[in-house]
Amino acid sequence: MKLSLAFFLFWAGIALGQQFPECTRELAATDECAAVIDANACYNQFGFRSNQTLTCIDGTSNDDRAKKACMCCSCVGTVMCNWVTSSRFNC
């Protein structure tokens, strides 16, 4: 029982610990967020199921794309932020 409670608290801390910036008009207007927002057709193709979704975002490397996804996921929607969280990017 103690072990399952500790496990639950550990995962709850991780889930609640990762927060994403609010999508303001200024944030959405940046080039970084444009790369994330403009890839909606590609997201629909992959359905946020795999790491291939990261290739939808314009960027110089996967680290660059992950940084953009972390910063701008709220401009795309909850499903994008959930995918970023489940992909365990260092946001």
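Scroll up to find the structure this text is about.
Figured I'd write up the structure that's included with this text. Position labels on residues start from 1 in each chain and follow its written sequence. Per-residue local features are limited, in this predicted model, to residues with pLDDT of at least 70; the limit for side-chain atom pairs, both in listing and counting, is 80 or more; totals at the level of whole chains, interfaces and linings are taken over all residues. Excluded from the side-chain calculation are hydrogens and water; included are all heavy atoms of the structure.

The next subject is the state of the cysteines. When two cysteine sulfur atoms lie within 2.5 Å, the pair is treated as a disulfide. This structure, assessed with the given rule, holds 5 disulfides. A sulfur-sulfur distance of 2.0 Å marks the disulfide that ties cysteine 23 to cysteine 75. On the sign convention where negative means left-handed, the S-S torsion of about 100° between cysteine 23 and cysteine 75 marks this disulfide as right-handed. Of this pair, cysteine 23 sits in the loop between helix H1 (2-17) and helix H2 (25-28) while cysteine 75 is found in helix H5 (residues 62-76), placing the two residues 52 residues apart along the sequence. For each residue, the accessible area found with a 1.4 Å probe, counting protein chains only, is set against the maximum for its type, and the residue is called buried under 20%, exposed over 50%, and partly exposed in between. When its relative accessible area of 30% is taken as the criterion, cysteine 23 is described as partly exposed. Accessibility expressed as a relative area gives 17% for cysteine 75, which makes it buried. The residue that forms a disulfide with cysteine 73 is cysteine 81, at a sulfur-sulfur distance of 2.1 Å. In this structure, the disulfide formed by cysteine 73 and cysteine 81 twists by about 95° around the S-S bond and is classed as right-handed. Here the two residues cysteine 73 and cysteine 81 agree in accessibility, since each one is buried. Within the chain, bonded cysteines paired by disulfides and numbered along the sequence follow the pattern 1-8, 2-6, 3-4, 5-10, 7-9. The numbering of helices and of strands both runs from the N terminus, where a helix is a DSSP run of H or I of at least 4 residues and a strand a run of E of at least 2.

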